[in-house]
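Below are the chains, spelled out letter by letter.
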Amino acid sequence: MKNTVPQSILDLLGWRTNGKPNIADGASNPSVNIAKAVFEQLGVSRSTTAPGQTAGSRFEAAIRQTLADRLPLIDPLRNWDVGSREITHFVQYTHLARIREVAESNPTLRSSLGTDYLIKPDITIGIGTGPRLHLHAAVSCKWTIRSDRVQNIRHEGVVLTRHRRGRQPHFVAVTAEPLPSRLAAIARGTGELDCVYHIALQQLQNACNNNPRALDTLHELIEQGRLRPIGELPDVIARY
């Protein structure tokens, strides 16, 4: 289990002025207590006043850069395209762009079809060049997890699966969420995504040692291969 937390992500962690970690739900004592234990293991001492939205966008950028740096080192023979593109940019989904063009010229058709299939994942990883760029993987980055964010992730997974013409891309989520029950809300499911990756999984396990219910949930997710440490993500994307 690769538990090294990238420095770019460590730099985002901090204590708020109320003494609570910035990954915790301040209204939930279990969330705060677990996050504090994680921070103590990671040696987080910096304070922060950055709003959650800022942390979320910086988190996404850090994950994207980590993948852009690591993938060419693991497999230098592939042409890696790491960015954030609408899925219509990729071979498996170019037909959706044509559907959009037709629908935009017909209000009735546009209303019937909707536009919920025109998604732009937080991170897209393509292989190939030019017009033959295939979507190899998509990553949903969630600093923390709330019920609405779970549904957004599931929707992206459903679109990537149902609307593809060609091979199924990897679809994963990366998060810093400290509550195992909320991690389970994403990781458990019917195959909308491959796996959830946590920025500090070993530290999270240690933090839950005195909470049998939370620890049991973590063990279930890990044993089933639904929850993994972020250090494994580049290798999984590059080698499978």
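Residues numbered from 1 in each chain as written. Predicted model: local features only at pLDDT ≥ 70, side-chain atom pairs only at ≥ 80, totals over all residues. Heavy atoms only, no water.

Draft legend 1. Geometry of the pattern of salt bridges. What the rule picks out here adds up to nine salt bridges. The shortest N-O distance in the salt bridge between Asp25 and Arg182 comes to 2.9 Å. Remark: Arg182 occurs in helix α7 (residues 180-187) and Asp25 occurs in the loop between α1 (7-10) and α2 (29-42); sequence separation between them is 157 residues. Note on Asp25: relative accessible area 17%, which makes it buried. Arg188 is paired through a salt bridge with Glu220; the nearest N and O atoms lie 2.6 Å apart. One end of the pair, Arg188, is in the loop between α7 and β5 (195-198); the other, Glu220, is in helix α9 (residues 212-223), and 32 residues separate them in sequence. Overall, Arg188 belongs to the partly exposed group, its relative accessible area being 37%. (Salt bridge = Lys/Arg side-chain N within 4 Å of Asp/Glu carboxyl O. Helix = DSSP H or I, 4+ residues; strand = E, 2+ residues; numbered from the N terminus. Buried < 20%, exposed > 50% of the residue type's maximum accessible area, 1.4 Å probe, protein only.)

Draft legend 2. Up close: the environment of Thr17. Mapping Thr17 onto the fold places it in the loop between α1 and α2. When the C-alpha atoms of Thr17 and Thr48 are compared, they prove to be 7.4 Å apart, with 31 residues separating the residues in sequence. With residues up to four places along the chain from it excluded, the contact list for Thr17 reads Thr48 and Thr49. (Contact = heavy atoms within 4.5 Å.)

Draft legend 3. Looking closely at the environment of Thr4. With respect to the helices and strands, the residue Thr4 is situated in the segment before α1. Owing to a relative accessible area of 65%, Thr4 belongs among the exposed residues under this scheme. Between the C-alpha atom of Thr4 and that of Leu201, which follows or precedes it by 197 residues, the distance is 9.5 Å.

Draft legend 4. Spotlight on α2. Taking 1.5 Å as the rise per residue, α2 with 14 residues should run 20 Å; its terminal C-alpha atoms sit 20 Å apart, in good agreement. Residues of α2 that are buried: Ser31, Val32, Ile34, Ala35, Ala37, Val38 and Phe39. Each element contacted by the buried residues of α2 is listed here: α7 and α8 (201-207). Just beyond α2, the residue with positive phi is Gly43, at close to 70°. (Expected span 1.5 Å × (residues − 1).)

Draft legend 5. Summary view of the nonpolar core. Residues Phe59, Ile63, Leu67, Ile125, Val139 and Ile237 are the most contacted members of the largest nonpolar core, which totals 73 residues. When residues no more than four places from it in sequence are discounted, the contact partners of Ile237 are Leu67, Leu71, Arg78, Trp80, Ile125, His136, Ala137 and Val139. (Core = buried A, V, L, I, M, F, W, Y, C linked by side-chain atoms within 4.5 Å.)

Draft legend 6. Representation of the pairing of β5. Side chains Cys195 and Tyr197 of β5 all project onto a buried face; the interleaved residues Val196 and His198 project onto the opposite face, where all are buried too. In the sheet, strand β4 (residues 170-175) pairs with β5 via four bridges, with the strands oriented parallel. Directly across from Val174, in β5, lies its bridge partner Tyr197. Assessed by its sense of winding, the connection that carries the chain from β4 through α7 to β5 is right-handed. The sheet contact formed by β5 and strand β6 (residues 227-229) spans three bridges and is parallel. Bridge pairing in β6 places Val196 opposite Leu227. (Pairing = 2+ DSSP bridges. Right-handed = clockwise from strand over helix to strand, strands pointing away.)

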